[in-house]
Protein chains: 2
Amino acid sequence: MFLSKLESLKNAIKLVGDNQKFTETEEIPLAEAHKRVLAEEIIAFHDSPPFDKSAMDGFALIAENTFGASQSVPKELKVVDAIGAGDFSDKTVGENEAVVIATGAPIPDGANAVLMKEYTTVDGDDLTIYSQVTPGENITPKSEDIKKGEKILDKNTFIRYQELGLIASAGYNTVRVFKKPRVKIIITGNELVEPTKEEMDKAKIINSNQFTTKAMVEDSGAIAEIAHAGDSFDEVREAVLEASKEYDVVITTGGTALSKGDVVLDVIQDLGEVLFHGVAVRPGKPAGVGIVNDKMIFALSGQPVASMGQFDMFVRKYLFEMQGRFFDFNIQKRSAMLKIPSQLGRTDFIRCVSDSENAKHVLNRGSGIIRSMVEANSYIIIDENNEGYQKDDMVDVVFFDSLLW
Amino acid sequence: MFLSKLESLKNAIKLVGDNQKFTETEEIPLAEAHKRVLAEEIIAFHDSPPFDKSAMDGFALIAENTFGASQSVPKELKVVDAIGAGDFSDKTVGENEAVVIATGAPIPDGANAVLMKEYTTVDGDDLTIYSQVTPGENITPKSEDIKKGEKILDKNTFIRYQELGLIASAGYNTVRVFKKPRVKIIITGNELVEPTKEEMDKAKIINSNQFTTKAMVEDSGAIAEIAHAGDSFDEVREAVLEASKEYDVVITTGGTALSKGDVVLDVIQDLGEVLFHGVAVRPGKPAGVGIVNDKMIFALSGQPVASMGQFDMFVRKYLFEMQGRFFDFNIQKRSAMLKIPSQLGRTDFIRCVSDSENAKHVLNRGSGIIRSMVEANSYIIIDENNEGYQKDDMVDVVFFDSLLW
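Residues numbered from 1 in each chain as written. Chains lettered and ligands numbered in written order. Predicted model: local features only at pLDDT ≥ 70, side-chain atom pairs only at ≥ 80, totals over all residues. Heavy atoms only, no water.

Now for unusual backbone geometry. Residue Pro283(A) is bonded to the preceding Arg282(A) through a cis peptide linkage, with omega at -5°. Note the cis peptide between Ser48(B) and Pro49(B), where omega equals -5°. Tracing the backbone through its elements, the reader meets Pro49(B) in the loop between strand S2 (42-43) and strand S3 (53-54). The phi angle at Asn138(A) is positive, at roughly 60°, despite the residue not being glycine. We classify Asn138(A) as buried; its relative accessible area is 17%. (Helix = DSSP H or I, 4+ residues; strand = E, 2+ residues; numbered from the N terminus. Buried < 20%, exposed > 50% of the residue type's maximum accessible area, 1.4 Å probe, protein only.)

With that settled, the discussion passes to the relation of the copies chain A and chain B. Structural alignment of chain A on chain B gives an RMSD of 0.0 Å, achieved by rotating through 180° and translating 0.0 Å along the axis. Taken together, the rotation angle and the small translation identify this as a two-fold axis. Here 99% of the contact residues of chain A are again contact residues in chain B; the copies associate through an equivalent surface. (Least-squares fit on C-alpha atoms with pLDDT ≥ 70 in both. Contact = heavy atoms within 4.5 Å.)

What follows covers the packing of helix H3 (residues 209-218) of chain A against helix H6 (residues 304-322) of chain A. Residue and element names in this part refer to chain A. At their nearest, the axes of H3 and H6 sit 10 Å apart, and the two run at 20° to each other. Between H3 and H6, the crossing angle belongs to the class labelled roughly parallel. For the pair H3 and H6, the sense of crossing is right-handed. Judged by residue contacts, Asn209, Thr212, Met216 and Val217 of H3 engage Pro304, Ser307, Met308, Phe311, Asp312, Arg316 and Leu319 from H6. Within the contact of H3 with H6, the residues separate by chemical class into six nonpolar, three polar and two charged. (Axes fitted to C-alpha atoms, helices over the stretch in contact; angles between N-to-C directions. Parallel < 35°, antiparallel > 145°, perpendicular 65-115°, else oblique. Left-handed = near helix turned anticlockwise from the far one by under 90°. Nonpolar A, V, L, I, M, F, W, Y, C, P; charged D, E, K, R; others polar.)

For the rest of this paragraph, the subject is helix H4 (residues 233-246) of chain B. Residues and elements named next belong to chain B. When the terminal C-alpha atoms of H4 are compared, their 20 Å separation across 14 residues agrees well with the 20 Å that a helix rising 1.5 Å per residue should span. Along H4, the residues that are buried comprise Val236, Ala239, Val240, Leu241, Ala243 and Ser244. At its buried positions, H4 is contacted by strand S13 (182-188), strand S16 (223-229), strand S17 (249-253), helix H5 (263-271), strand S20 (288-292) and strand S21 (295-300). (Expected span 1.5 Å × (residues − 1).)

Here the focus is the packing of aromatic side chains. Within a pair of aromatic rings, the relevant descriptors are the distance that separates the centres and the angle that separates the planes. Going through the model one piece at a time under the given rule, you end up with 20 aromatic pairs over all chains. Measuring from ring centre to ring centre gives 4.9 Å for Phe320(B) and Phe327(B), while their planes differ by 65°; the resulting arrangement is edge-to-face. Of the two residues, Phe320(B) and Phe327(B), both sit in the buried class. A ring pair is formed by Phe329(B) and Phe349(B), whose centres lie 5.9 Å apart and whose planes are at 65°; its orientation type is edge-to-face. Taken together, the residues span a long stretch of sequence, with Phe329(B) in the loop between helix H6 (304-322) and strand S22 (332-336) and Phe349(B) in strand S24 (residues 347-354) at a distance of 20 residues. Among the aromatic residues, those joined into a ring-pair cluster are Phe158(A), Phe320(A), Phe327(A), Phe329(A), Phe349(A), Tyr379(A), Phe400(A) and Trp405(A). The ring of Tyr247(A) is capped by Arg182(A), whose NZ or CZ atom sits 4.5 Å from the centre of that ring. (Phe/Tyr/Trp six-rings, centres within 6.5 Å; stacked < 30°, edge-to-face > 60°. Lys NZ or Arg CZ within 6 Å of the ring centre and 35° of its normal.)

Accessible area lost upon the coming together of the parts is a frequently used measure of interface size. Facing 92 residues of chain A, the contacting portion of chain B comprises 92 residues. Buried surface at the junction of chain A and chain B, both sides included, amounts to about 7,400 Å², of which 60% is carbon and sulfur. Our count for the contact surface shared by chain A and chain B stands at four salt bridges. The partner of Glu150(B) in a salt bridge is Arg371(A), with the nearest N and O atoms 3.4 Å apart. The tally of links between chain A and chain B comes to 27 residue pairs in polar contact (both at pLDDT 80 or more). Listing elements by their share of the side of chain A that touches chain B, those giving two or more residues are strand S6 (97-101), strand S11 (151-153), helix H2 (161-169), strand S15 (205-206), H3, H6, strand S22 (332-336) and helix H7 (370-375) of chain A. Here the side of chain A that touches chain B gets eight residues from one element, more than from any other, and that element is H2(A). Taken together, the residues that form the side of chain A that touches chain B break down as 39 nonpolar, 25 polar and 28 charged. (Buried area = accessible area lost by both parts, 1.4 Å probe. Salt bridge = Lys/Arg side-chain N within 4 Å of Asp/Glu carboxyl O. Polar contact = N/O pair within 3.5 Å; in protein donor to acceptor, adjacent residues only side chain to side chain.)

Residue and element names in this part refer to chain A. Most of H2 is tucked away: nine of the nine residues are buried. Tyr161, Gln162, Glu163, Leu164, Gly165, Leu166, Ile167, Ala168 and Ser169 are the residues of H2 that are buried. Looking at the residues trailing H2, positive phi occurs at glycine 171, about 105°.

Residues and elements named next belong to chain A. Read from one edge of the open sheet, six strands run S16-S13-S17-S21-S20-S18, paired in mixed fashion. Single-partner strands in this sheet number two, and they are strand S16 (223-229) and strand S18 (273-277). Averaged over all adjacent pairs, the angle separating strand axes in this sheet is 20°, with direction ignored. Direction of pairing for strand S13 (residues 182-188) relative to strand S17 (residues 249-253): parallel, over a ladder of five bridges. From the neighbouring strand, isoleucine 187 faces S17, where its bridge partner is threonine 253. Contacting S13, S16, S17, strand S20 (288-292) and strand S21 (295-300), helix H4 (residues 233-246) crosses the sheet at an angle of about 175° to S13. Set on the sheet, H6 makes contact with S13, S17, S18 and S21; between it and S21 the angle comes to about 165°. (Pairing = 2+ DSSP bridges.)

Further remarks concern empty space enclosed by the protein. Residues and elements named next belong to chain B. Enumeration according to the criterion identifies two cavities of 30 Å³ or more in this entry. Roughly 60 Å³ of internal volume is contained in the largest cavity. The wall of the largest cavity is formed by Ile13, Val16, Gly17, Gln20, Met313, Phe314, Lys317, Tyr318 and Glu321. Of all the elements in the fold, those that place two or more residues in the lining of the largest cavity are helix H1 (9-18) and H6. (1 Å grid on protein atoms, 1.4 Å probe; cavity = no way out; pocket = protein on both sides within 12 Å on 5 of 7 lines; lining within 4 Å. Points joined across faces, edges and corners; volume = space filled by probe spheres on them.)

What follows concerns the confidence of the model for chain A. Taken over all residues, the pLDDT of chain A has a mean of 94, while the share at 70 or more is 97%. Across the whole predicted complex the pTM is 0.94, and at the interface the ipTM reaches 0.93. (pLDDT = per-residue confidence, 0-100.)

This paragraph deals with the sheet that holds strand S7 (residues 113-116) of chain B. Residues and elements named next belong to chain B. The six strands lie next to each other as S7-S4-S6-S5-S9-S8, forming an open sheet whose pairing is mixed. Among the strands making up the open sheet, the edge pair consists of S7 and strand S8 (120-123). Strand-to-strand twist of the sheet, defined as the mean angle between neighbouring strand axes without regard to direction, takes the value 40°. Bridge count between strand S5 (residues 75-83) and strand S9 (residues 126-129): four bridges; the pairing is antiparallel. What sits directly across from glutamate 76, in S9, is threonine 128.

Okay, here's the thing in structure tokens:
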């Protein structure tokens, strides 16, 4: 079906992007928001810190009263109060007075510096200081991190551990985020069986795609459920139809049987619309994408490596952006350690092992060789206008790690 | 306490490493093994593919019988059987015979190639072919990916999506992995309150470390639970003692109150052994590490940025390696966009924004400025023997992404 007209990768990606959908949003506890995407701006409800705060355990005092103090010329002050963490003092610090203060406690009125306790000795109310401090020393000023009323994070921000801390400090105990997409993965293929250590029936093949595809969906921030269908039009049609009603996205793998034609694409055509089938890429040429019940259906190859490549080319970006997170390949330049031929008019995703300087492609590149993906840590991407590279040419590399959620 | 003798970062990391513990192993379903670490070698129970397999929908035949066939000079063959996916044929393909074959089906005896259906027409048993194939064409040879009996993955391999596929193909439906470490995080500090949008009581500060620290533990492949303690020796002692009995690792944050000294370290000293307290680094100088009940206790700062830095320096590596996964900083070279002063004898972790060529450090570097971590995507690491860098010097950069599980 597709061989007569292969879509260019660029066009195929654009066709997917033109049909981008977004998940709804939900309010969740901040404690569960790690690695989610903000669906609201964060406006600070507080200054952070909310007051001038001691950065050290020591004595809050008037810096000018310490000037000239040293180990050989100590000075004497009077302790008038003590503030533990979480506590505060109503006293105003006067000339030659000091207040005991814990790290994190509010600086009392009148004081403008904190002297570390290491540079003091104390006897009842009598404080001897052996060092001087400058005004502001060891004080973390109010609103140094966050100003009340300020926008501190944009909508669509990905929430890492550090954003969690900032959002908490701004006063949010819950946060509005995009829902995780729910993805149904339909594994087709009469030949597939579960992993077994026993001798397998003739013509049977272990179903590995169910594991890799589910893990890739999870690596895209989404939730995956697996279903199995045979190769028949009716079975696949029933599975795709049901999934398109109940899930946000449907992914199929394999299931093209000679007698029936390309079953999955025929099903999509029957139930909805095929956006494209067949892309000028390697691996992954038979990729198909369509829409059923307003849901995107990604028809991936049954060949393990082809399906992983197709996922990286089409599905990741769609799942990321569905939940408000921008996705693009993070291209790094590396020096090719081997000559790499390619074909004009086709985009190649060449599995390779890259370090901080070089990229060496994995030689065994069949679309069934899972090991080539296991040995690799990156792709060299060779675009359709390029006939390949000579040794030592600088090439475009994308690390697998950089594709993950 | 620590100011008199700061440990060098290198020594501090070595002291942690000398006390590295490992989790036990467990057998789990392969479907749950994504991002776990293998605690066994994977030896293949099967060849993969388990037989010579058709890579296309088409006709299995004798390649030599197709020689010379073309659009203008078609050849005629006889169809003698049909094989769907998951099926097989007992027939032996003879001269000028062909067997209908689906992608993934076993090549029948006698055949040595597959001709794609696109290059044929068929009328009952009569097959007309318009193209020739070479011996082996469109056949995926048996054991191309995996040879039965071969070791395909080492113990301690991190299981990405591609490893899942390989392990499945080798016949494993369950797999032995290292258990996830269970980590108790004890947040100390009488001043801390939960995030609230309401006006806070004077001297209170929102507890943001509970969110960041839990997320960092999760980003290290481990399971975190939060507990709260005040600042008193007795409260902290009780919390650390209980946690050290029930968890694999204990992390504390904050809790140093003047009147009591450095409570957490005093507690560790009382219950067990302090390995070090105070490290020549910035941020994160007050880091302390000790052992109680044979469990590692990481005493992190209450200052948010300091505690994140300390986590990256000490805790990540420990949690990774506890479950069998090697960890080291993935150093990249970048060009400094600004001059960066540093101090001899101290290792600096400078928050910065790096791209594929340059690194520009975040100017506001206080250890309470969570925003500096939010703006940044990487550290510039300046070791203790280095007084800093000039603009355009090449510097060592570690991306935050590369620290994650």
